[in-house]
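Next come the chains, spelled out residue by residue.
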Amino acid sequence: MWTLAGQGCWRRSALAAWATRAVRRGLPAPRPAPTRGAAAESKPPDRSYSSADRKEKIDMSRFPVENTRNFSIIAHVDHGKSTLADRLLELTGAIDKTKNNKQVLDKLQVERERGITVKAQTASLFYDYEGKQYLLNLIDTPGIQAQTVANFFLAFEAQLSVIPVINKIDLKNADPERVEKQIEKVFDIPSDECIKISAKLGTNVESVLQAVIKRIPPPKVHRKNPLRALVFDSTFDQYRGVIANVALFDGVVSKGDKIVSAHTQKTYEVNEVGVLNPNEQPTHELYAGQVGYLIAGMKDVTEAQIGDTLYLHKQPVEPLPGFKSAKPMVFAGMYPIDQSEYNNLKSAIEKLTLNDSSVTVHRDSSLALGAGWRLGFLGLLHMEVFNQRLEQEYNASVILTTPTVPYKAVLSSAKLIKEYREKEITIINPAQFPDKSKVTEYLEPIVLGTIITPDEYTGKIMMLCQARRAVQKNMMHIDQNRIMLKYLFPLNEIVVDFYDSLKSLSSGYASFDYEDAGYQTAELVKMDILLNGNIVEELVTVVHKDKAYSAGKAICERLKDSLPRQLFEIAIQAALGSKIIARETVKAYRKNVLAKCYGGDITRKMKLLKRQTEGKKKLRKVGNVEVPKDAFIKVLKTQSDK
């Protein structure tokens, strides 16, 4: 099951749901007014547009506000968003109908390889219905790893029109009637509002377009007001500069207009405006309520900040609130494999983060790995895709440390509060985790998880949840065969491998969805990894007290398998403060000093062995254990895989 969230008006726009997974609030909602030129509002279009008209400029004034609809597709990963988008493009004539139309809007290599949408894409569709031509602005959103239900409730709270669509009815095991009942029970949406389709075969897809026109109201905008345009995405073209994707809330913009950025206060002249159909199609003008692109001679992507407001020169307006900033849920250290590649990697990260404002970047350094960064991501899938894009688009090879979550600590003394300038500090790097003597309590992030599973797997899944320190909140039957479980999970217990474990236990049938639930008090400890008594900062982790032993033993065992042997013994230890909780030993290379003894007195042999032992002790005191980079990569990679 997945839903299609429409933008009934720009004030309650779902743009934030796909750009930063947040809902934009508080924009004014004036009543619609006539555009410049009464003909734009009152007269119907003189002609219809289709894919055959792409080479000539489209007159966007022929689409009045009441014939405009703005909508986006919100769905779980692999539920057929891009396939449905392909069919909608074919039905409206935006692309020719061929067998090669697969993921037309997914233009990145990582999107085609993984079969998921990573970067949101827009397309303006022209559709004839009941004697009128409508402008439908479609946004194909990135796939959501585990927040589909949470995003539904965000859309519901923002009072957006929601159209439930049941896809893949062509599958052999499909049971649309059962899914209808689930939607009605879980979301309180009448089953007769659900649209059953097969995006792959094109079955009943046209009814989705008709529902968009019937159920989603036109945007509430003013075309006579001064220009107010929201930048929601941008790309860089080395010949034309920055191409900004904009949504117009008020006014009109055309080629030759002078516009100002509310963020930078820089003035630009518009060189080109147009719509995406799905490729760039220049137009004479763009009007309020419409979505398109704008080229204005911006030389750097930083000049087109996501959430920025553009307005006409000498006609200042109150900037739009933009988007709520995304809250990173997973942090990881990133370092170049070779430090000579530092500047190239820095440039690649800057370019990628400009198009993905949800990634946070802090400079970091390590004795073993060199200079690098601590990056924040929305989730593990987000981190994996970001890393894959670095490799594919910028040919950058990196070392990623074990992902961690943001912890908090409440400071105990006024002196410390004055030093940190706040009572509650957030820790994103385990090496900076404060000692227990400095804090009154530690806090860890928690999420409210929803699991829907066939009832025969319930026992195994409940055991898995209990092993991850989860607290059960609710359990209900949504039909005769399926159960919905609600648990409060510590985020660090699900961030790496919980989803894979759940799928394995349930033979792939269980689904998992979660939403942020704040922080809770927890018994957290910093676990140090020592080599011959010296702390290895790169392997420091924060764990729950109850799981410290198992986590420490696992890291020690992996290090033992990865470290090269030396002429002296290497002690690998996991420690909580001064207490050693786990130990492994890498045996020393040992010369057979007794090889030349063919008998004789035992004291002769003992003397040789004693001299060898003393030499080893001396060597161990002066010898330094340096962890090779390939050993780090092996340990960190194995930790992430598990």
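*Asks:* How should I be thinking about the overall build of the protein in this particular structure?
*Replies:* Helix and strand content of the protein: 16 helices and 31 strands. Looking at the protein alone, contacts between residues at least 24 apart form 69% of all its contacts between residues at least 6 apart.

*Asks:* Can you help me understand the packing of aromatic side chains in this one?
*Replies:* Ring pairs (aromatic) are described by centroid distance and by the angle formed between their planes. Evaluation of the coordinates by the stated rule reveals 11 aromatic pairs. A ring pair is formed by Y487 and F489, whose centres lie 5.8 Å apart and whose planes are at 45°; its orientation type is tilted. A single burial state applies to Y487 and to F489, both of which are buried. Ring pairs connect the aromatic residues Y487, F489, F498, F512 and Y514, which therefore count as one cluster. The residue whose ring lies beneath K408 is Y519, and the NZ or CZ to ring-centre distance is 4.4 Å.

*Asks:* Is there a simple way to explain a negative patch on the surface in this structure?
*Replies:* A cluster of acidic residues, E184, D188, D192 and E193, forms a negative patch at the surface. Within the secondary structure, E184 sits in helix α6 (residues 176-187).

*Asks:* When you look at the sheet that holds strand β16 (residues 309-312) in this model, what are you seeing that I'm missing?
*Replies:* Note on sheets: strands pair through backbone hydrogen bonds, and any given pair is parallel or antiparallel. Taken in spatial order, the eight strands of this open sheet run β11-β10-β16-β7-β8-β15-β12-β13, and their pairing is antiparallel. In this open sheet, the two edge strands, each paired with only one partner strand, are β11 (267-269) and β13 (280-282). Strand-to-strand twist across the sheet, computed as the mean angle between neighbouring axes with direction ignored, equals 40°. Here strand β7 (residues 228-237) pairs with strand β8 (residues 241-250) via nine bridges, running antiparallel.

*Asks:* How do you make sense of the packing of helix α11 (residues 458-467) against helix α13 (residues 498-505) when you look at a structure like this?
*Replies:* Between two packed helices, what matters for the description is the angle formed by their axes and the separation of those axes. The contact between α11 and α13 brings their axes to 10 Å, and the two run at 160°. In terms of axis orientation, α11 runs roughly antiparallel to α13. When the axes of α11 and α13 are compared, the crossing they make is right-handed. Taken together, the residues of α13 that come into contact with α11 (itself represented by K460, I461, L464 and C465) are F498, S501, L502 and L505. Looking at side-chain class alone, the contact of α11 with α13 contains six nonpolar, one polar and one charged residues.

*Asks:* I would appreciate a short explanation of the side chain of S261 in the present structure.
*Replies:* Here S261 shows up in strand β10 (residues 258-261). What makes S261 buried here is its relative accessible area of 0%. Engagement of the side chain of S261 in a polar contact is seen with the backbone nitrogen of H263, the distance being 3.2 Å. A distance of 3.2 Å separates a polar side-chain atom of S261 from the backbone nitrogen of T264. Ignoring any residue separated from it by four or fewer positions in sequence, one finds S261 in contact with K266, Y268, E303, D308, T309 and L310.

*Asks:* Would you take a moment to explain unusual backbone geometry for this structure?
*Replies:* For the peptide bond that leads from N277 to P278, omega is -5°, which places it in the cis range. Structurally, P278 can be placed in the loop between β12 (272-276) and β13. Its identity is not glycine, yet Q265 carries a phi of approximately 65°, on the positive side. Mapped onto the elements, Q265 comes out in the loop between β10 and β11.

*Asks:* Just to check I follow, could you spell out the pairing of strand β23 (residues 439-454) for this structure?
*Replies:* A regular strand places its side chains on the two faces of the sheet in alternate fashion. With 13 of its 16 residues buried, β23 lies for the most part within the structure. As defined by bridge partners, strand β21 (residues 407-411) adjoins β23 across four bridges and the pair is classed as antiparallel. In the strand pairing of β23, A409 is matched with Y442. In this sheet, strand β25 (residues 482-490) lies alongside β23 in antiparallel orientation, the contact comprising nine bridges. Residue pairing in the sheet places V447 in a bridge with F489 of β25.

*Asks:* Teacher, can you tell me more about the sheet that holds strand β20 (residues 398-400) here?
*Replies:* Pairing within the open sheet is antiparallel, and its four strands lie in the order β18-β19-β17-β20. Across the chains shown, the open sheet's two edge strands, defined by having one partner strand only, are β18 (360-366) and β20. Geometrically, the sheet is characterised by an average inter-axis angle of 30° between neighbouring strands, direction not taken into account.

*Asks:* Would you take a moment to explain the environment of R62 for this structure?
*Replies:* Positionally, R62 belongs in the loop between α2 (38-42) and β2 (68-74). In this structure R62 comes out as partly exposed when scored by relative accessible area, which is 24%. With 71 residues separating them along the chain, R62 and Q133 place their C-alpha atoms 9.3 Å apart.

*Asks:* Is there a simple way to explain α6 in this structure?
*Replies:* Because an α-helix completes one turn every 3.6 residues, residues spaced three or four positions apart along the sequence face the same direction. Look at α6: 16 Å from first C-alpha to last across 12 residues, which is about the 16 Å you get at 1.5 Å a residue. The first or second residue beyond α6 is D188, which carries a positive phi of 60°.

*Asks:* Can you help me understand the pairing of β16 in this one?
*Replies:* Residues T309 and Y311 line one face of β16 and the alternating positions L310 and L312 line the opposite face, and both faces are buried. Here three bridges tie β10 to β16, and the two strands are oriented antiparallel to one another. When the bridges of β16 are listed, V260 appears paired with Y311.

*Asks:* What am I meant to see in the confidence of the model for the protein here?
*Replies:* Keep in mind that low pLDDT regions are not for reading the predicted coordinates in detail. Residues at a pLDDT of 70 or more form 80% of the protein, whose mean pLDDT is 79. For the stretch residues 49-54, pLDDT sits under 50, and the model shows 18 contacts to residues farther than four places along the chain or on other chains.

*Asks:* Explanation requested: the side chain of T283 in the structure shown.
*Replies:* Inspection of the secondary structure assignment puts T283 in the loop between β13 and β14 (285-287). What makes T283 buried here is its relative accessible area of 2%. A polar contact is formed between the side chain of T283 and the backbone oxygen of E285, at a distance of 3.1 Å. Excluding residues that lie within four positions of it along the chain, T283 makes contacts with K57, I58, M60, V273, G274 and V275.

*Asks:* Looking at this structure, how should I read the pattern of salt bridges?
*Replies:* Note that side chains of opposite charge can pair when their charged atoms are close. Applying the stated rule across the entire model yields 18 salt bridges. Put simply, R240 and E272 hold a salt bridge, and the shortest N to O gap is 3.9 Å. Taken together, the positions of R240 in the loop between β7 and β8 and E272 in strand β12 put the pair 32 residues apart, joining distant regions of the chain. Overall, R240 belongs to the partly exposed group, its relative accessible area being 31%. Through salt bridges with shared partners, a single network forms among E444, R469, E493 and K547.

*Asks:* When you look at a positive patch on the surface in this model, what are you seeing that I'm missing?
*Replies:* A grouping of K596, R604, K607 and R611 is seen on the molecular surface, where their side chains present a positively charged patch. Mapping R604 onto the fold places it in helix α15 (residues 602-622). What makes R604 partly exposed here is its relative accessible area of 44%.

*Asks:* In this structure, what is going on with the nonpolar core? I would like to understand it.
*Replies:* Nonpolar side chains tend to gather and get buried jointly when the protein is soluble and globular. Judged by nonpolar contacts, the single largest core of 34 residues is most densely connected at I451, F489 and F498. Those elements giving two or more residues to this core turn out to be β21, β22 (424-427), β23, α11, β25, α12 (491-494), α13 and β26 (511-522). Other than its neighbours up to four places away in sequence, I451 contacts I461, C465, I483, M484, L485, F489, F498, L502, A510, S511 and F512.

Cut-offs used in this document
- Residues numbered from 1 in each chain as written.
- Predicted model: local features only at pLDDT ≥ 70, side-chain atom pairs only at ≥ 80, totals over all residues.
- Heavy atoms only, no water.
- Helix = DSSP H or I, 4+ residues; strand = E, 2+ residues; numbered from the N terminus.
- Contact = heavy atoms within 4.5 Å.
- Phe/Tyr/Trp six-rings, centres within 6.5 Å; stacked < 30°, edge-to-face > 60°.
- Buried < 20%, exposed > 50% of the residue type's maximum accessible area, 1.4 Å probe, protein only.
- Lys NZ or Arg CZ within 6 Å of the ring centre and 35° of its normal.
- Patch = residues over 30% accessible without salt bridge, like charges linked within 9 Å, V, L, I, M, F, W, Y side chains within 5 Å.
- Areas by Shrake-Rupley, 256 points an atom, 1.4 Å probe, with all protein chains shown as cover.
- Salt bridge = Lys/Arg side-chain N within 4 Å of Asp/Glu carboxyl O.
- Lys, Arg positive; Asp, Glu negative; His and termini not counted.
- Charge placed at Lys NZ, Arg CZ, Asp CG, Glu CD.
- Pairing = 2+ DSSP bridges.
- Axes fitted to C-alpha atoms, helices over the stretch in contact; angles between N-to-C directions.
- Parallel < 35°, antiparallel > 145°, perpendicular 65-115°, else oblique.
- Left-handed = near helix turned anticlockwise from the far one by under 90°.
- Nonpolar A, V, L, I, M, F, W, Y, C, P; charged D, E, K, R; others polar.
- Polar contact = N/O pair within 3.5 Å; in protein donor to acceptor, adjacent residues only side chain to side chain.
- Expected span 1.5 Å × (residues − 1).
- pLDDT = per-residue confidence, 0-100.
- Core = buried A, V, L, I, M, F, W, Y, C linked by side-chain atoms within 4.5 Å.

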